[in-house]
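Examining the three-dimensional arrangement
Residues per chain are reported as follows:
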Amino acid sequence: HASETASDDPRINQVKEYVRNNIAEKLTVESLANQFCISKEHLSRKFKQSEGTTLKEYINATRIEIAKSFLCYTNCTLPQIANSVILGRCSRTTPG
């Protein structure tokens, strides 16, 4: 039978892009579900099917990747990186 897969749902890619662009914000499954007008249960299920990981794990992995970029390509201190990437405070500028 032909059922819709998560990769058929453009909202998953939109959610991923939103996470990357708003990583300094407090991101939760609930806030993202509200942002994209989808139930948090449905979003969680579709995201896991599509990406093979939970949305929370994706958010954390994205934070880590961006923090690593800050470490490699900026002169920011660890507290500055934590404030801007991990804790959702201060600068939203991306390294580079």
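Look above for the structure.
What counts as what
- Residues numbered from 1 in each chain as written.
- Predicted model: local features only at pLDDT ≥ 70, side-chain atom pairs only at ≥ 80, totals over all residues.
- Heavy atoms only, no water.
- Helix = DSSP H or I, 4+ residues; strand = E, 2+ residues; numbered from the N terminus.
- Buried < 20%, exposed > 50% of the residue type's maximum accessible area, 1.4 Å probe, protein only.
- Contact = heavy atoms within 4.5 Å.
- Areas by Shrake-Rupley, 256 points an atom, 1.4 Å probe, with all protein chains shown as cover.
- Expected span 1.5 Å × (residues − 1).
- Arc of directions from axis to C-beta.

**Digging into the overall build of the chain**
Within the chain, the regular secondary structure consists of five helices and zero strands. If you list the helices and strands of the chain from N to C, you get α-α-α-α-α. For the chain, with 96 residues in total, the buried portion stands at 30%. Counting contacts in the chain only where the partners sit at least 6 residues apart, residues at least 24 apart contribute 51% of the total. When the accessible surface of the chain is totalled, it reaches about 6,400 Å², and 51% of it is carbon and sulfur.

**Regarding helix α4 (residues 55-73)**
For α4, with 19 residues, the first-to-last C-alpha span of 27 Å sits near the 27 Å given by 1.5 Å per residue. Those residues of α4 lying buried are Leu55, Tyr58, Ile59, Thr62, Arg63, Ile66, Ala67 and Phe70.

**Quick word on helix α3 (residues 40-51)**
Each full turn of the α-helix corresponds to 3.6 residues, which orients residues three or four apart in the same direction. In this model α3 runs 16 Å from its N-terminal to its C-terminal C-alpha over 12 residues, within 8% of the 16 Å that 1.5 Å per residue would give. When α3 is considered as a whole, its buried residues turn out to be Leu43, Lys46 and Phe47. Looking straight down α3, one finds its buried side chains confined to an arc of 100°; they lie on one side. Tucked into the core, α3 has its buried residues touching α1 (10-21), α2 (29-35) and α4.

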